[in-house]
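Residue strings, one per chain:
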Amino acid sequence: TATLILDETGQSIDSARITGDFYMYPGSAITKLEKCLVGLTATAESVDPVVAEGLASVRIIGFTMENFRDTIREAL
């Protein structure tokens, strides 16, 4: 699940929280990704490359990078 809180104009991400039933190594990667999403324009074009870069060298079990991307897109 991805929860995004947008600024008052709905144009940029003020806060991001990603939870779910998955294992990620290193574990700090999810927190890092959440921090990287803050301040971005609230569009798939802005978010997709950040997700891809943030998860490029991360080992994920129970979820794929595409699942993360799609979940975040849905939250937008």
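What you see as residue numbers is a count from 1 along each chain, following the sequence as written. Residues qualify for local features only when their pLDDT is at least 70, as the model is predicted, and side-chain atom pairs are given and counted only at 80 or more; totals for whole chains, interfaces and linings, by contrast, use all residues. Side-chain numbers here rest on the full set of heavy atoms in the structure, without hydrogens or water.

A. Broad picture of the overall build of the protein. Going along the chain from the N terminus, every DSSP run of H or I of four or more residues is numbered as a helix, and every run of E of two or more is numbered as a strand. In terms of regular secondary structure, the protein is built from three helices and four strands. If you list the helices and strands of the protein from N to C, you get β-β-β-α-α-β-α. Computed over its C-alpha atoms, the radius of gyration of the protein comes to 12 Å, within 12% of the 11 Å expected for a compact globule of 76 residues. Seen along its three principal axes, the alpha-carbon backbone of the protein occupies a region of about 35 × 20 × 20 Å. Restricting the calculation to C-alpha atoms gives the radius of gyration, and the globule rule supplies 2.2 Å times the number of residues raised to the power 0.38.

B. View of the layout of surface pockets. In the cavity and pocket records, a cavity denotes points on a 1 Å grid over the protein atoms alone where a 1.4 Å probe fits but cannot get out, a pocket denotes an open set with protein on both sides within 12 Å along at least 5 of 7 lines, and lining residues are residues with an atom within 4 Å of a point. Grid points are joined across faces, edges and corners, and a volume is the space filled by probe spheres set on the points. Estimated volume of the largest pocket: approximately 180 Å³. Around the largest pocket, the lining residues are P26, S28, A29, K32, L33, C36, V50, E53, G54, S57 and V58. Within the residue set of the lining of the largest pocket, elements represented by two or more residues are α1 (28-37) and α2 (44-55). Element by element, the count of residues in the lining of the largest pocket is highest for α1, at five residues. Of the residues in the lining of the largest pocket, the class split is six nonpolar, three polar and two charged. The residue classification treats Ala, Val, Leu, Ile, Met, Phe, Trp, Tyr, Cys and Pro as nonpolar and Asp, Glu, Lys and Arg as charged. All others, Gly included, are polar.

C. Expanded view of the nonpolar core. I18, M24, L37, V51, L55, F68 and I72 are the most contacted members of the largest nonpolar core, which has 21 residues in total. Taken together, the elements giving at least two residues each to this core come down to β1 (2-6), β2 (13-18), α1, α2 and α3 (65-75). Aside from chain neighbours lying at most four places away, what touches F68 is I18, F22, M24, I30, V51, L55, I60 and F63. In this text, buried Ala, Val, Leu, Ile, Met, Phe, Trp, Tyr and Cys residues form a nonpolar core when linked through side-chain atoms within 4.5 Å. The buried label goes to any residue with under 20% of its type's maximum accessible area, the exposed label to any with over 50%, and the partly exposed label to all in between, with areas taken from a 1.4 Å probe on protein chains only. Note on contacts: a residue pair qualifies if any of its non-hydrogen atoms lie within 4.5 Å across the two residues.

D. Quick peek at the pattern of salt bridges. One speaks of a salt bridge when a side-chain nitrogen belonging to Lys or Arg is within 4 Å of a carboxyl oxygen belonging to Asp or Glu. As enumerated under the stated definition, the model contains three salt bridges in all. Where E34 meets R17, a salt bridge forms, and the shortest distance between an N and an O atom there is 3.9 Å. A residue pair is termed long-range when its members are at least 10 positions apart, and E34 in helix α1 and R17 in strand β2 qualify at 17 residues. Of the residues examined, E34 reaches a relative accessible area of 9% and is grouped as buried. A salt bridge links D48 to R73; the shortest N-O distance between them is 2.3 Å. With D48 in helix α2 and R73 in helix α3, this pair connects stretches of sequence that are 25 residues apart.

Geometric values such as these leave the question of function open.
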